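This is what each chain is made of:
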Amino acid sequence: MFRFEEPTYLYLLLLLPLLAAFYLYSNYRKKKAIRRFGDPTLMISLMPAVSKYRPDLKFSIMLVVIGLFAVLLARPQFGSKLETVKRQGIEVIIALDISNSMLAQDVQPSRLEKAKHIISQLVDKMQNDKVGMIVFAGDAFTQLPITSDYISAKMFLETIDPSLISKQGTAIGAAIELATRSFTPNEGIGRTVILITDGENHEGGVDEAIKRATEKGIQVNVLGVGSPDGSPIPIRGGNDYRHDREGNIIVTRLNEQMCQEIAQQGKGIYVRVDNTNNAQRAINKEINKLAKADVETQVYTDYNEQFQAVAWIILILLLGEMLILECKNPLFRNIHLFSK
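Bear in mind that the values here come from a model prediction, so they are computed numbers and not experimental data. (Residues numbered from 1 in each chain as written. Predicted model: local features only at pLDDT ≥ 70, side-chain atom pairs only at ≥ 80, totals over all residues. Heavy atoms only, no water.)

Colleague: Before we go on, may I ask you to explain the sheet that holds strand 3 (residues 91-97) in this structure?
Modeller: Consider a sheet: its strands pair through backbone hydrogen bonds, and that pairing is either parallel or antiparallel. One open sheet holds the 6 strands; their spatial order is 5-4-3-6-7-10, and the pairing between them is mixed. On the outer flanks of this sheet lie strand 5 (140-147) and strand 10 (270-273), each paired with one strand and no other. Each strand of the sheet is rotated relative to its neighbour by a mean of 15°, with strand direction disregarded. One ladder, built from 6 bridges, connects strand 3 with strand 6 (residues 191-197); its direction is parallel. What sits directly across from E91, in strand 6, is R191. Lying on the sheet, helix 5 (residues 150-158) is in contact with strand 4 (130-136) and strand 5; it crosses strand 4 at an angle near 15°. (Pairing = 2+ DSSP bridges. Helix = DSSP H or I, 4+ residues; strand = E, 2+ residues; numbered from the N terminus. Axes fitted to C-alpha atoms, helices over the stretch in contact; angles between N-to-C directions. Contact = heavy atoms within 4.5 Å.)

Colleague: I'm lost on the packing of helix 4 (residues 111-124) against helix 5 in this one. Help?
Modeller: Helix-helix packing: each pair is described by the crossing angle between the helix axes and the interaxial distance. One way to put it is that helix 4 packs onto helix 5 with a least axis distance of 10 Å and a crossing angle of 175°. By the angle class used here, helix 4 and helix 5 are roughly antiparallel. Here K116, I119, S120, V123 and D124 of helix 4 come into contact with helix 5, specifically with Y150, A153, K154, L157 and E158. (Parallel < 35°, antiparallel > 145°, perpendicular 65-115°, else oblique.)

Colleague: Could you clarify how one ought to interpret helix 5 in this entry?
Modeller: Turn by turn, an α-helix covers 3.6 residues, leaving residues three or four places apart pointing in a common direction. Within helix 5, burial applies to Y150, S152, A153 and L157. Viewed along the axis of helix 5, the buried residues span an arc of 155°, placing them on a single side of the element. Away from the buried face of helix 5 by more than 90 degrees, exposed residues I151, M155 and E158 are located. Against helix 4, strand 4 and strand 5 lie the buried residues of helix 5. One side-chain oxygen at the N-terminal end of helix 5 lies 3.3 Å from the backbone nitrogen of I151; it belongs to D149. (Buried < 20%, exposed > 50% of the residue type's maximum accessible area, 1.4 Å probe, protein only. Arc of directions from axis to C-beta. Polar contact = N/O pair within 3.5 Å; in protein donor to acceptor, adjacent residues only side chain to side chain.)

Colleague: It is not clear to me how the confidence of the model for the chain should be interpreted in this structure. Could you clarify?
Modeller: Atom-level detail of predicted coordinates should not be read off regions where pLDDT is low. With 84% of its residues at a pLDDT of at least 70, the chain reaches an overall mean of 85. The low-confidence segment residues 335-340, where pLDDT is below 50, has 0 contacts with residues more than four positions distant or belonging to other chains. (pLDDT = per-residue confidence, 0-100.)

Colleague: Explain the pattern of salt bridges here, please?
Modeller: Side chains bearing opposite charge may pair, as long as their charged atoms lie close to each other. Applying the stated criterion across every chain, the model contains 12 salt bridges. With a shortest N-O distance of 3.0 Å, E256 and R272 are connected by a salt bridge. Remark: R272 occurs in strand 10 and E256 occurs in helix 8 (residues 256-265); sequence separation between them is 16 residues. By sharing partners, the salt bridges in this structure join D106, R111 and D198 into a single network. (Salt bridge = Lys/Arg side-chain N within 4 Å of Asp/Glu carboxyl O.)

Colleague: What exactly am I supposed to notice about unusual backbone geometry here?
Modeller: Trans is the prevailing form of peptide bonds, just as negative phi is the prevailing case for residues other than glycine. Cis peptide bonds are those with omega within 30 degrees of zero, and the linkage from Q108 to P109 qualifies with 0°. The phi torsion at R75 lies on the positive side, around 60°, for a residue other than glycine. When you line up the elements, R75 lands in the loop between helix 3 (54-73) and strand 2 (76-89). Overall, R75 belongs to the partly exposed group, its relative accessible area being 32%.

Colleague: Would you take a moment to explain the packing of helix 3 against helix 10 (residues 307-323) for this structure?
Modeller: Orientation of helix 3 relative to helix 10, taken along the N-to-C sense of each, is 160°, at an axis distance of 10 Å. Classified by the interaxial angle, the pair formed by helix 3 and helix 10 is roughly antiparallel. Like other packed secondary-structure pairs, helix 3 and helix 10 cross with a definite hand, here left-handed. Taken together, the residues of helix 10 that come into contact with helix 3 (itself represented by K58, I61, M62, V64, V65, L68, F69, V71 and L72) are F307, V310, A311, I313, I314, L317, L318 and E321. For the contact of helix 3 with helix 10, the residue count by class is 15 nonpolar, no polar and 2 charged. (Left-handed = near helix turned anticlockwise from the far one by under 90°. Nonpolar A, V, L, I, M, F, W, Y, C, P; charged D, E, K, R; others polar.)

Colleague: What should I look at first to understand the nonpolar core in this one?
Modeller: Membership of the largest hydrophobic core comes to 34 residues, with the highest contact counts inside it found for I94, L96, I119, M133, I194, I196 and L223. Only strand 3, helix 4, strand 4, helix 5, strand 6, strand 7 (218-225), strand 10 and helix 9 (278-287) provide two or more residues apiece to this core. If you tally residues by element for this core, the top one is helix 4, at 6 residues. In contact with I196, not counting residues within four places along its chain, are I94, A95, L96, D97, A115, I119, F136, L223 and V225. (Core = buried A, V, L, I, M, F, W, Y, C linked by side-chain atoms within 4.5 Å.)

Colleague: What should I look at first to understand the packing of aromatic side chains in this one?
Modeller: Any pair of aromatic rings gets described here by the distance separating the centres and the angle formed by the planes. The full count for this structure, using the stated rule, is 1 aromatic pair. With centroids separated by 3.9 Å and ring planes inclined at 5°, the aromatic side chains of Y23 and F59 adopt a geometry described as stacked. Taken together, the residues span a long stretch of sequence, with Y23 in helix 1 (residues 15-37) and F59 in helix 3 at a distance of 36 residues. (Phe/Tyr/Trp six-rings, centres within 6.5 Å; stacked < 30°, edge-to-face > 60°.)

Here's what the structure looks like:
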């Protein structure tokens with residue numbers, strides 16, 4: 001596995017286009033100054049020792065050297081050994097409702113964006129835990145298999161959108177059932193499903209799914225997003241709202257009673273998500289109560305420094321740059337004149 005120990009130094013690469021732009025501007029000013037003295041073609045014949053391409057070549061080499069020097073400072077490394085290590089942690093499967101009703105804005109900036117923010121904060125606090133993500137509307141599918149790769153978790157989280165599932169609805173039972181099957185077979189480890197939904201369009205099979213989860217020692221916590229008073233569902237890319245078949249604006253309401261019942265049956269907690277951070281604190285506190293056990297994770301160890309190879313390349317390029325003269329080689333110029 002390849003990585004940089006000090007990736008901050010890679011920001012020095014941003015200097016390269018600035019240096020290139022400055023060099024091109026300097027050449028422009030130089031050519032403009034030469035034109036003031038006379039015809040450029042005549043001036044070139046009066047300066048036979050001046051090379052047209054060597055200064056550009058030398059600058060290009062120095063530009064590459066600067067870029068490689070930034071890479072050198074960032075300390076490139078290769079992981080030479082993949083090991084399975086055991087760490088104390090828990091397993092969390094997040095089941096996120098992505099039906100169109102989650103676009104409602106009774107929670108800012110929207111129910112879905114607020115839910116994604118909570119998930120992001122939850123992942124940020126994880127250390128030795130494993131996390132997986134399931135998205136659901138009329139169907140449920142795995143967005144991210146359970147993993148300890150938090151960078152991938154954040155990346156997959158950003159791609160979540162209602163367009164991922166065309167079938168509308170709220171298949172909570174299917175989501176809990178899929179989450180139950182998504183945990184590892186490890187014994188004695190704390191497991192929880194965090195269900196994030198507004199509870200709209202409740203479909204069947206929930207009670208049976210919760211029962212199977214609790215029988216396996218899996219806790220089901222529920223975060224209800226939205227308000228019982230309800231909110232219209234905005235249409236993306238416009239200023240209008242969704243309407244029913246009669247032309248009335250659809251108002252989506254948080255089904256708080258159903259969310260509370262799911263949490264009670266799942267031996268977890270229910271928290272309403274609003275514009276505060278109360279839900280974030282409550283769910284963090286709840287999952288911290290879960291029993292931590294050994295979680296097996298594959299990690300790269302024994303990272304080998306690779307800066308030596310980069311340093312040798314830099315040294316060779318610098319020597320080449322020093323050997324390239326900006327003026328034409330006098331020996332070759334005399335041979336050329338003698339041949340005439």
